[in-house]
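# Descriptive analysis of the structure
Residues per chain, in single letters:
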Amino acid sequence: MSKAISYNDVKIIEKKAVKIGDSVFDKFISEQGGIELGTMIALAGTPGAGKTTLCKKIQKDLGRTDESVFYSLESRKSSVARQTKRISTGENERICDVDDFSTWSSFMNYINEEKPLMVIVDSLQHAAALLSEENGKHKYDNYKQIVKDLYSWKDVNQGIVILIVQLNASGGVEGPMATIFDVDCPIFLTADPKTNERTMHTEKNRMGPIGKIYYEFVNDDRCFNFITEKDWNSKKDDDSPLSSLNEEVCSILRNIKKRNKKLHSKILKEIDKKEFDTSIDVIIEVLTLSREALIY
């Protein structure tokens, strides 16, 4: 007879994780660092955010030891290869399209037989439309079936699934939004053309933390440079006009010290005596006290 048991009697299964080599990304994805085996990720993003490039980058890092397959339904495999040609890959990184598997069931049969460690599908919407050709249902009605098929596959094979999800013109998910929250970790990539900021964020993560990190494209083998929110804000402060003004004031003080140590000491003492509400107030006071040095 079945019965509930104590939490203390539950056997906890520790899962290995695949690291992509960027410590910020790896820590963002899971507590132990990297993408845990038996994980399904929904990767949504605005145009130009780097979804396809990131997937091939992960394929490359995984491909050192294990096989992966990218099922490209949004565009032909030749287009994806051309778009991501800067990322060199080997025999373990595979790609296919509708010319290879013209039905969803044929692709599922393939990965069930071959058992790659990672499967990438681009995209949920195109896979659902492909399945509609088999079962006659509206593609939105097939969203749950696509997610269910891939989720079951990753559980049985302890593999990794990345399901790319298209966004509509307003930045929302095309079709039933709730579907992508059936996965282990829905991730959103956002590129803001006004601020030139690129962010990766998640509101649900069964493997680890939730939150946001920033990223930049780089012209080396890494392809991406991921940055914590704290470091990004610090970088923004360093790049701000106020930061430039601070540096200019520091330069003035260094010149004063070279020419007139007595005046330099006097300025610092006057600054120490007062309390300031903002950095701008400090800068104004330093410039005022420095006028007699006649160096700017």
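Preceding this section is the structure that the text describes.
Residues numbered from 1 in each chain as written. Predicted model: local features only at pLDDT ≥ 70, side-chain atom pairs only at ≥ 80, totals over all residues. Heavy atoms only, no water.

Attention shifts here to the layout of surface pockets. When its volume is computed, the largest pocket comes out at roughly 260 Å³. Lining the largest pocket are 18 residues, with Pro47, Gly48, Lys51, Thr52 and Glu74 sitting closest to its centre. (1 Å grid on protein atoms, 1.4 Å probe; cavity = no way out; pocket = protein on both sides within 12 Å on 5 of 7 lines; lining within 4 Å. Points joined across faces, edges and corners; volume = space filled by probe spheres on them.)

Another aspect to go through is the environment of Thr53. For Thr53, the location among the structural elements is in helix α2 (residues 51-62). C-alpha of Thr53 to C-alpha of Lys85: the two residues are 32 residues apart in sequence and 9.5 Å apart in space. Residues contacting Thr53, with those up to four places away along its chain left out, are Thr84, Ile87 and Phe224. (Helix = DSSP H or I, 4+ residues; strand = E, 2+ residues; numbered from the N terminus. Contact = heavy atoms within 4.5 Å.)

Let us look at α2. An ideal rise of 1.5 Å per residue puts 16 Å on twelve residues; α2 measures up with 17 Å between its terminal C-alpha atoms. Most of α2 is tucked away, with twelve of its twelve residues classed as buried. (Expected span 1.5 Å × (residues − 1). Buried < 20%, exposed > 50% of the residue type's maximum accessible area, 1.4 Å probe, protein only.)

Under the counting rule described, the total for this entry stands at eleven salt bridges. The closest approach of N and O atoms between Lys77 and Asp100, which form a salt bridge, is 2.9 Å. Of this pair, Lys77 sits in helix α3 (residues 77-83) while Asp100 sits in the loop between β5 (93-96) and α4 (104-114), and the two are 23 residues apart along the sequence. Accessibility expressed as a relative area gives 27% for Lys77, which makes it partly exposed. Put simply, Lys154, Asp155, Asp184 and Arg206 are held in one network by salt bridges that share partners. (Salt bridge = Lys/Arg side-chain N within 4 Å of Asp/Glu carboxyl O.)

A few words now on the pairing of strand β4 (residues 68-72). For β4, a buried count of five out of five residues is recorded, marking the element as mostly surrounded by other parts of the structure. Of the two faces of β4, the one lined by Ser68, Phe70 and Ser72 and the one lined by Val69 and Tyr71 are each fully buried. Sheet topology places β4 next to β5; four bridges connect them, and they run parallel. Bridged to Val69 within β5 is Arg94. Once you follow β4 into α3 and on to β5, the crossover reads as right-handed. Both β4 and strand β6 (residues 118-122) contribute to a ladder of five bridges, which runs parallel. The residue bridging Val69 from the neighbouring strand is Val119, located in β6. (Pairing = 2+ DSSP bridges. Right-handed = clockwise from strand over helix to strand, strands pointing away.)

The subject of this paragraph is the packing of aromatic side chains. The relative placement of two aromatic rings is captured by the distance of their centres and the angle of their planes. Applying the stated criterion across every chain, the model contains 15 aromatic pairs. Judged by centre distance (5.8 Å) and plane angle (45 degrees), the rings of Trp104 and Phe107 are tilted. Here Phe107 and Trp104 lie together in helix α4, a separation of three residues that amounts to about one turn. For the pair shown, Trp104 and Phe107 are each scored as buried. When the centroid spacing of 5.7 Å and the interplanar angle of 15 degrees are considered together, the rings of Phe224 and Phe226 count as stacked. By relative accessible area, Phe224 is classed as buried at 3%. Residue classification places Phe226 among the buried positions, given a relative accessible area of 4%. Grouped by ring-pair contacts, the aromatic residues Phe25, Tyr215, Phe217, Phe224 and Phe226 constitute a single cluster. In this structure, Lys154 packs its charged tip against the face of Tyr151, placed 3.9 Å from the ring centre. (Phe/Tyr/Trp six-rings, centres within 6.5 Å; stacked < 30°, edge-to-face > 60°. Lys NZ or Arg CZ within 6 Å of the ring centre and 35° of its normal.)

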